[in-house]
Amino acid sequence: MFGSESKFESSVRQIPFSQEKVFAKLSDLNNLESVRDRLPADKVESLSFDSDSVSVNVPPVGDISFRIIEREEPKCIKFETEKSPVPLNLWIQLLPVTDDSCKMKLTIKAELNPFIKGMVSGPLQEGLEKIAETLSMLDYK
């Protein structure tokens, strides 16, 4: 069976920093060092990254690697998986609210067959919300 495109979106998060500051921090993955201690040890076993890619081991899923494929300053950062049980793309979208705040939404698009979709939809949506929550609480100074 062939997969169909499935789309998952996080809730919109308010961030009390400018769109430019948030984009600058999130578009360089070396800045993930500041979130390493916020990751739940029972959900994430390892985290490694450079400026353009991030790899994480998530039991029981396994190793997942993302690479930034496009930066549209200061609005959007697009990722695709390099290593993943399910190939997918991730977007971080940023919209200005005021000079000192912005809104953020995360979107995942994946090609999922109906069998896989039934198994991964819940965990994917839950993971997306946790990532959005963590990113919305970072200090973007």
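The coordinates are above.
Okay, so let's go over this structure. Please read these numbers as outputs of a predicted model, since none were measured by experiment.

**Section: the pattern of salt bridges**
Oppositely charged side chains can form a pair if their charged atoms are brought close together.
So, step 1. For the structure on display, the rule yields 9 salt bridges.
So, step 2. Residues aspartate 63 and lysine 83 are paired through a salt bridge, measuring 3.3 Å at the closest nitrogen-oxygen approach. With aspartate 63 in strand S5 (residues 62-72) and lysine 83 in strand S6 (residues 76-83), this pair connects stretches of sequence that are 20 residues apart.
So, step 3. Lysine 83 sits in the partly exposed class, given a relative accessible area of 44%.
So, step 4. Glutamate 72 is paired through a salt bridge with lysine 75; the nearest N and O atoms lie 3.1 Å apart.
So, step 5. With a relative accessible area of 31%, glutamate 72 lands in the partly exposed category.
So, step 6. On the accessibility criterion, lysine 75 (40% relative accessible area) is partly exposed.
So, step 7. A network of salt bridges, in which partner residues are shared, links Lys7, Glu9 and Lys105.

**Here we look at a negative patch on the surface**
So, step 1. A cluster of acidic residues, Glu20, Glu73, Asp99 and Asp100, forms a negative patch on the protein surface.
So, step 2. Within the secondary structure layout, glutamate 20 lies in helix H1 (residues 19-26).

**Side note on the pairing of strand S4 (residues 53-58)**
So, step 1. Both strand S3 (residues 46-49) and S4 contribute to a ladder of 4 bridges, which runs antiparallel. Its bridge partner lying in S4, serine 46 is registered against asparagine 57.
So, step 2. What sits between the antiparallel neighbours S3 and S4 is a turn of 3 residues.
So, step 3. Examined bridge by bridge, S4 and S5 share 6 bridges and lie antiparallel to one another. Paired with serine 55 across the strands is serine 65, a residue of S5.

**Brief notes about the nonpolar core**
So, step 1. Among the nonpolar cores identified, the biggest contains 35 residues, and Leu26, Ile92 and Met104 are the most heavily contacted of them.
So, step 2. Residue assignment for this core shows that the elements contributing at least two residues are H1, S4, S5, S6, strand S7 (88-98), strand S8 (101-112) and helix H2 (114-136).
So, step 3. Once you skip the residues sitting within four places of it in the chain, leucine 26 turns out to touch Ile77, Ile92, Met104, Leu135, Leu138 and Tyr140.

**With respect to the packing of aromatic side chains**
Here a ring pair, both rings aromatic, is described through the centre-centre distance and the interplanar angle of the planes.
So, step 1. Counted by the stated rule, this structure contains 2 aromatic pairs.
So, step 2. Taking the centre distance of 5.8 Å and the plane angle of 65 degrees together, the rings of phenylalanine 17 and tyrosine 140 count as edge-to-face. In this pair, phenylalanine 17 is assigned in the loop between strand S2 (13-15) and H1 and tyrosine 140 in the segment after H2, connecting sequence segments 123 residues apart. Pair check on accessibility: phenylalanine 17 and tyrosine 140 agree, each one buried.
So, step 3. Measuring from ring centre to ring centre gives 6.4 Å for phenylalanine 66 and phenylalanine 79, while their planes differ by 85 degrees; the resulting arrangement is edge-to-face. Linking phenylalanine 66 in strand S5 with phenylalanine 79 in strand S6, this pair joins segments that are 13 residues apart in sequence.
So, step 4. Geometry around tyrosine 140 places lysine 25 over its ring, the cationic atom sitting 6.0 Å from the centre.
So, step 5. The ring of tryptophan 91 is capped by lysine 109, whose NZ or CZ atom sits 5.2 Å from the centre of that ring.

Quick notes on the rules
- Residues numbered from 1 in each chain as written.
- Predicted model: local features only at pLDDT ≥ 70, side-chain atom pairs only at ≥ 80, totals over all residues.
- Heavy atoms only, no water.
- Salt bridge = Lys/Arg side-chain N within 4 Å of Asp/Glu carboxyl O.
- Helix = DSSP H or I, 4+ residues; strand = E, 2+ residues; numbered from the N terminus.
- Buried < 20%, exposed > 50% of the residue type's maximum accessible area, 1.4 Å probe, protein only.
- Patch = residues over 30% accessible without salt bridge, like charges linked within 9 Å, V, L, I, M, F, W, Y side chains within 5 Å.
- Areas by Shrake-Rupley, 256 points an atom, 1.4 Å probe, with all protein chains shown as cover.
- Lys, Arg positive; Asp, Glu negative; His and termini not counted.
- Charge placed at Lys NZ, Arg CZ, Asp CG, Glu CD.
- Pairing = 2+ DSSP bridges.
- Core = buried A, V, L, I, M, F, W, Y, C linked by side-chain atoms within 4.5 Å.
- Contact = heavy atoms within 4.5 Å.
- Phe/Tyr/Trp six-rings, centres within 6.5 Å; stacked < 30°, edge-to-face > 60°.
- Lys NZ or Arg CZ within 6 Å of the ring centre and 35° of its normal.

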